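Chain by chain, the residues run as shown.
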Amino acid sequence: MNYDQVFDSAIERLHSEGRYRVFIDILRNKGAYPNARCFAGHNGPKPITVWCSNDYLAMGQHPKVIAAMEEALHNVGAGSGGTRNIGGNTHYHIELEAELADLHGKEGALLFTSGYVSNDATLSTLAKILPGCVIFSDELNHASMIAGIRNSGAEKKVWRHNDVEHLEELLAETDPNVPKLIAFESVYSMDGDVAPIHTICDLAEKYNALTYIDEVHAVGMYGPRGGGITDRDEAAHRIDIIEGTLGKAFGVMGGYIAADRKIIDVIRSYAPGFIFTTSLSPVLVAGVLASVRHLKASSVEREGQQAAAAYLKKAFADQGLPVMPSTTHIVPLMVGDPVRAKKIADILLAEYGVYVQPINYPTVPRGTERLRFTPGPSHTEAMMDELAGALVEIWQRMELELQRAA
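Since the structure is predicted, the reported quantities are computational estimates derived from the model, not experimental observations.

Peer 1: When you look at the packing of helix H3 (residues 91-104) against helix H11 (residues 282-297) in this model, what are you seeing that I'm missing?
Peer 2: Packed helix pairs are specified by the crossing angle of their axes together with the interaxial distance, meaning the distance between the axes. The geometry of H3 relative to H11 is characterised by a closest axis approach of 9 Å and an angle of 30° between their N-to-C directions. By the criterion of interaxial angle, the relationship of H3 to H11 is roughly parallel. As for the relative orientation of H3 and H11, their crossing is left-handed in sense. On H11, the residues that touch Tyr 92, His 93, Glu 95, Leu 96, Glu 99, Leu 100, Asp 102 and Leu 103 of H3 are Pro 282, Val 285, Ala 286, Val 288, Leu 289, Val 292, Arg 293 and Lys 296. For the contact of H3 with H11, the per-class residue count stands at 10 nonpolar, 1 polar and 5 charged.

Peer 1: Looking at this model, I keep getting lost on the sheet that holds strand E6 (residues 155-159). Mind explaining?
Peer 2: In a beta sheet, neighbouring strands are held together by backbone hydrogen bonds and run either parallel or antiparallel to one another. Spatial strand order, E4-E12-E11-E10-E7-E5-E6: 7 strands in an open sheet with mixed pairing. Of all the strands in the sheet, the pair left with one neighbour each is strand E4 (108-112) and E6. Direction aside, neighbouring strands of the sheet carry axes that sit 20° apart on average. Looking at chain direction, strand E5 (residues 134-138) and E6 are connected through 5 bridges and run parallel. What sits directly across from Ser 137, in E6, is Val 158. Packing against the sheet, helix H4 (residues 115-129) makes contact with E4, E5, strand E7 (180-185), strand E10 (210-214), strand E11 (241-245) and strand E12 (255-259), and its axis sits at approximately 155° to E11.

Peer 1: Explain the pairing of strand E3 (residues 46-50) to me, please; I cannot follow it from the model alone.
Peer 2: The side chains of a regular strand alternate, residue by residue, between the two faces of the sheet. E3 sits mainly inside the fold: 4 of its 5 residues count as buried. Where strand E2 (residues 35-38) and E3 come together, 4 bridges link them in antiparallel fashion. Each bridged residue has a counterpart across the sheet, and for Cys 38 the counterpart in E3 is Lys 46. Where E3 and strand E14 (residues 354-355) come together, 2 bridges link them in parallel fashion. Paired with Val 50 across the two strands is Tyr 355, which belongs to E14.

Peer 1: Can you help me understand a nonpolar patch on the surface in this one?
Peer 2: A cluster of nonpolar side chains, Met 1, Tyr 3, Val 6 and Phe 7, forms an exposed patch at the surface whose accessible area comes to about 520 Å². Within the secondary structure layout, Val 6 lies in helix H1 (residues 3-16). Looking at Val 6, the relative accessible area reads 42%, which means it is partly exposed.

Peer 1: Sorry, what's going on with H4 here?
Peer 2: Look at H4: 21 Å from first C-alpha to last across 15 residues, which is about the 21 Å you get at 1.5 Å a residue. Burial analysis of H4 places 11 of its 15 residues in the buried class, which makes it a mostly covered element. When we look at burial in H4, the residues that qualify are Gly 115, Ser 118, Asn 119, Asp 120, Ala 121, Thr 122, Leu 123, Ser 124, Thr 125, Leu 126 and Ala 127.

Peer 1: Is there a simple way to explain the side chain of His 329 in this structure?
Peer 2: Looking at the secondary structure, you find His 329 in the loop between helix H12 (300-318) and strand E13 (331-334). The exposure class assigned to His 329 is buried, which follows from its relative accessible area of 0%. A polar side-chain atom of His 329 sits 3.3 Å from the main-chain carbonyl oxygen of His 217. Of note is the side chain of His 329, whose polar atom sits 2.7 Å from the side chain of Tyr 222.

Peer 1: Would you take a moment to explain the packing of aromatic side chains for this structure?
Peer 2: Think of a pair of aromatic rings as described by two things: how far the centres are apart, and how the planes are tilted against each other in angle. In this structure the tally under the stated criterion is 2 aromatic pairs. An angle of 70° between the planes, with centres 5.8 Å apart, marks the rings of Phe 112 and Phe 274 as edge-to-face. With Phe 112 in strand E4 and Phe 274 in helix H10 (residues 272-275), this residue pair connects regions lying 162 residues apart in the sequence. Taken individually, Phe 112 and Phe 274 each receive the classification buried, so the pair is uniform in this respect.

Peer 1: Sorry if this is basic, but what is going on with the sheet that holds E14 here?
Peer 2: Spatially, E1-E2-E3-E14 is the arrangement adopted by the 4 strands of the open sheet, whose pairing is mixed. Each edge of the open sheet is held by one strand with a lone partner, namely strand E1 (26-28) and E14. Of the pairings in the sheet, the one linking E1 to E2 comprises 3 bridges and is antiparallel in character. Bridged to Arg 28 within E2 is Ala 36.

Peer 1: Whenever I open this one, empty space enclosed by the protein confuses me. Can you help?
Peer 2: Over the atoms rolls a probe the size of a water molecule, and its path tells where empty space is left. Under the defined criterion, the tally for this structure stands at 2 cavities of 30 Å³ or more. What the largest cavity holds in volume is close to 90 Å³. The wall of the largest cavity is formed by Arg 84, His 93, Leu 111, Phe 112, Thr 113, Val 117, Gly 273, Phe 274, Thr 277, Thr 278, Ser 279 and Leu 280. At the level of elements, E4 and H10 are the ones that each hand at least two residues to the lining of the largest cavity. Split by residue class, the lining of the largest cavity holds 5 nonpolar, 6 polar and 1 charged. If you add up the space inside the second largest cavity, you get close to 40 Å³. Grouping the amino acids of the lining of the second largest cavity by side-chain chemistry returns 5 nonpolar, 5 polar and 1 charged.

Thresholds, definitions, all that
- Residues numbered from 1 in each chain as written.
- Predicted model: local features only at pLDDT ≥ 70, side-chain atom pairs only at ≥ 80, totals over all residues.
- Heavy atoms only, no water.
- Axes fitted to C-alpha atoms, helices over the stretch in contact; angles between N-to-C directions.
- Helix = DSSP H or I, 4+ residues; strand = E, 2+ residues; numbered from the N terminus.
- Parallel < 35°, antiparallel > 145°, perpendicular 65-115°, else oblique.
- Left-handed = near helix turned anticlockwise from the far one by under 90°.
- Contact = heavy atoms within 4.5 Å.
- Nonpolar A, V, L, I, M, F, W, Y, C, P; charged D, E, K, R; others polar.
- Pairing = 2+ DSSP bridges.
- Buried < 20%, exposed > 50% of the residue type's maximum accessible area, 1.4 Å probe, protein only.
- Patch = residues over 30% accessible without salt bridge, like charges linked within 9 Å, V, L, I, M, F, W, Y side chains within 5 Å.
- Areas by Shrake-Rupley, 256 points an atom, 1.4 Å probe, with all protein chains shown as cover.
- Salt bridge = Lys/Arg side-chain N within 4 Å of Asp/Glu carboxyl O.
- Expected span 1.5 Å × (residues − 1).
- Polar contact = N/O pair within 3.5 Å; in protein donor to acceptor, adjacent residues only side chain to side chain.
- Phe/Tyr/Trp six-rings, centres within 6.5 Å; stacked < 30°, edge-to-face > 60°.
- 1 Å grid on protein atoms, 1.4 Å probe; cavity = no way out; pocket = protein on both sides within 12 Å on 5 of 7 lines; lining within 4 Å.
- Points joined across faces, edges and corners; volume = space filled by probe spheres on them.

Rendered as structure tokens:
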């Protein structure tokens, strides 16, 4: 076996398909987001504007968050010291779990090191605990949910995206006596659409199924206190398990689930992804705690972000750029080809100082490659007008079609 040849071939396939991923070397400017510095291919750092960050509300730059992290660093040091059951169960962790449980109106919450781990660990463990469990998964669920379902070993039935009639067909044909779990997301981050949560909950009640919702791209962003789409639509009480992240709208790092005490205790006691992992640094937890508390009381950031997203969608549409329909804060621009998507992103970075990452397969289906913009409350209208103008120039340079209204 020629190992190098196998590895070279694997990487060459990505290059030949135009979807080899390049990680941009940047540093954000504290207090000046979305401004940053890019170090790749330049003689010294080049000023850029970040348009693809998942720090949707710029809470990673918020003075309260930074101050809380600095205080924790000087108070307890850098690391947690171990897993949650061996030295790593700090008071910061206890406080944050209480805040997250309260945010979603649940009895308890459980912290993980990332949103990916929280999905993988919870779904794989839950299905193993429930004998003969069948999981009903939306076809556009995140890779972490798919991994958790696969690792559970449970039977999986995939329903067409947001198609509740198809979901009911699958539920109706399943043995009514077996445990069932419906797994879906609230906001689908590549298309920017929203799940019909209440209708799904109606089906769960009808067919005696548990519900598991990924609110990763919605927590902090929607609802009067930032509890997500389930908060906005007054549906949280109908969902058995709410999963979220601490690395997007909350601006720091980590993941969690919120549910009743029994479910939390089961996952805490059985999930290897929780049991055998060093807990989050208390410095990070302190920052998230400040962020969650702030966003529970403040809607300023959410309103600013929604206004920016609406403005950018209109700016793109007015220029005839192929902005995809989105009812949320996600602003996807369809390209439909991985090579072109990367070339557009490269030109934006090199010539305009605009950083946006091309989104290719397997994150999205082949032929739907796109640029995904996430304007935030700190992106000005002038920035957005300049961005739209730059994209029009590149579209014309590459002889791509614009669809300006007559």
